[in-house]
Amino acid sequence: MNELDVLDVLHVFCGADGGHGNALGVVRDARALTDPASRQALAAELGFSETVFVDDPERGVVDIYTPGLRLPFAGHPLVGVAWLLDLEAVNPPAGEVWARSDGEFTWITARAEWAPPRMLQQYGSPAEVDALPAPPPGEGWLYAWAWEDEAAGRVRARAFPRRDDGIVEDEATGAAALLLTDSLGRALNITQGRGSQILTAPGPDGTIEIGGRVRLATPVPAARRISLMR
């Protein structure tokens, strides 16, 4: 099996200049890795905040792993795989997720109850968010945010999993953006991490759209090809 044929590395929720974005590993043909233990081991070895295993590229059936656990839903993996495979729907364990593209941005439609719990903590200013150590003291998944321009819906945010899997800070987090949008009840333009951008828009039926730019990262770092070459 050729590692470059089965593994794509994307950056999801890139800034306007195409920079930043959260790295995502996508195993396009996951038939050789059917058991959860093998998938978890590969996700841990790759070291991305999430890795997606595609079980059915036509129906968009996918399986999502962090380096330490399996997720029923995650925002940036689903935006990334929808863009990569040009899908109208993606099917993670949480349920069917509709997807669309408007050219610059790829969007998915999701529900807040699909997202894993996050602590949403508001700070007084973007400078306070920027000044946080990585990770801040405490336990539990923290989404630190502040208004950059409340009237315009512009938010500054940083995300800290605070779990023992090597991911100290998450560069761009669709699930947390989904929860924040649900909590505030309005569309948001979020700058997260070093300069990633996430757009959100509540729908009339309780759903929320999450959108961002995606780009393909090449080449795949050699250290992250090891398992796929075995």
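What you see is a predicted model, and the numbers here were worked out from it, not measured in a lab.

J.: What is the right way to read the nonpolar core from this model?
T.: A general feature of soluble globular proteins is that nonpolar side chains tend to end up buried together. One finds Phe 73, Leu 78, Val 81, Ile 108, Tyr 143, Val 155 and Ile 190 to be the most contacted residues of the largest nonpolar core, which totals 46 residues. For Ile 108, the residues in contact, after removing those within four places along its chain, are Phe 73, Gly 75, Leu 78, Val 79, Val 97, Trp 98, Ala 99, Ile 208, Glu 209 and Ile 210. Val 27, Ala 30, Ala 43 and Ala 217 belong to the second largest nonpolar core, which has twelve residues in total.

J.: Which parts of the structure should I look at to understand the confidence of the model for the chain?
T.: The predicted coordinates should not be examined in detail at positions where pLDDT is low. Averaged over all residues, the pLDDT of the chain equals 92, while 92% of them reach at least 70. Segment residues 1–5 is flagged for pLDDT under 50; beyond a separation of four residues in sequence, or across chains, it makes eight contacts in the model. In this model, residues 222–230 is a region of pLDDT below 50 whose contacts with residues beyond four sequence positions or in other chains number 18 contacts.

J.: Is there a simple way to think about the side chain of His 11 in this case?
T.: Relative to the assigned elements, His 11 resides in strand S1 (residues 7–14). With sequence-adjacent residues up to four places away left out, His 11 is seen in contact with His 20, Gly 21, Asn 22, Ala 23, Arg 213, Val 214, Arg 215 and Ala 217.

J.: I would appreciate a short explanation of helix H2 (residues 36–46) in the present structure.
T.: Residue pairs spaced three or four apart in an α-helix point in one direction, given the helix's 3.6 residues per turn. Taken together, the buried positions of H2 are occupied by Arg 39, Gln 40, Leu 42, Ala 43 and Leu 46. For H2, the angular spread of the buried residues around the axis is 165 degrees, confining them to a single face. Buried residues along H2 sit against S1, strand S2 (22–27), strand S3 (50–56), strand S4 (61–65) and strand S5 (70–71). Where H2 ends, the next residue or the one after it, Gly 47, has phi of about 80 degrees, a positive value.

J.: Even after reading the chapter, I still don't get the packing of aromatic side chains, so can you show me in this structure?
T.: Two measures describe an aromatic ring pair: the distance that separates the ring centres and the angle between the ring planes. Under the counting rule described, the total for this entry stands at four aromatic pairs. Relative to Tyr 65, the ring of Phe 53 lies with its centre 5.6 Å away and its plane at 90 degrees, an arrangement referred to as edge-to-face. Here the residue Phe 53 occupies a position in strand S3, and Tyr 65 occupies one in strand S4, the gap between them amounting to twelve residues. A single burial state applies to Phe 53 and to Tyr 65, both of which are buried.

Reading the values: rules and limits
Residues numbered from 1 in each chain as written. Predicted model: local features only at pLDDT ≥ 70, side-chain atom pairs only at ≥ 80, totals over all residues. Heavy atoms only, no water. Core = buried A, V, L, I, M, F, W, Y, C linked by side-chain atoms within 4.5 Å. Buried < 20%, exposed > 50% of the residue type's maximum accessible area, 1.4 Å probe, protein only. Contact = heavy atoms within 4.5 Å. pLDDT = per-residue confidence, 0-100. Helix = DSSP H or I, 4+ residues; strand = E, 2+ residues; numbered from the N terminus. Arc of directions from axis to C-beta. Phe/Tyr/Trp six-rings, centres within 6.5 Å; stacked < 30°, edge-to-face > 60°.

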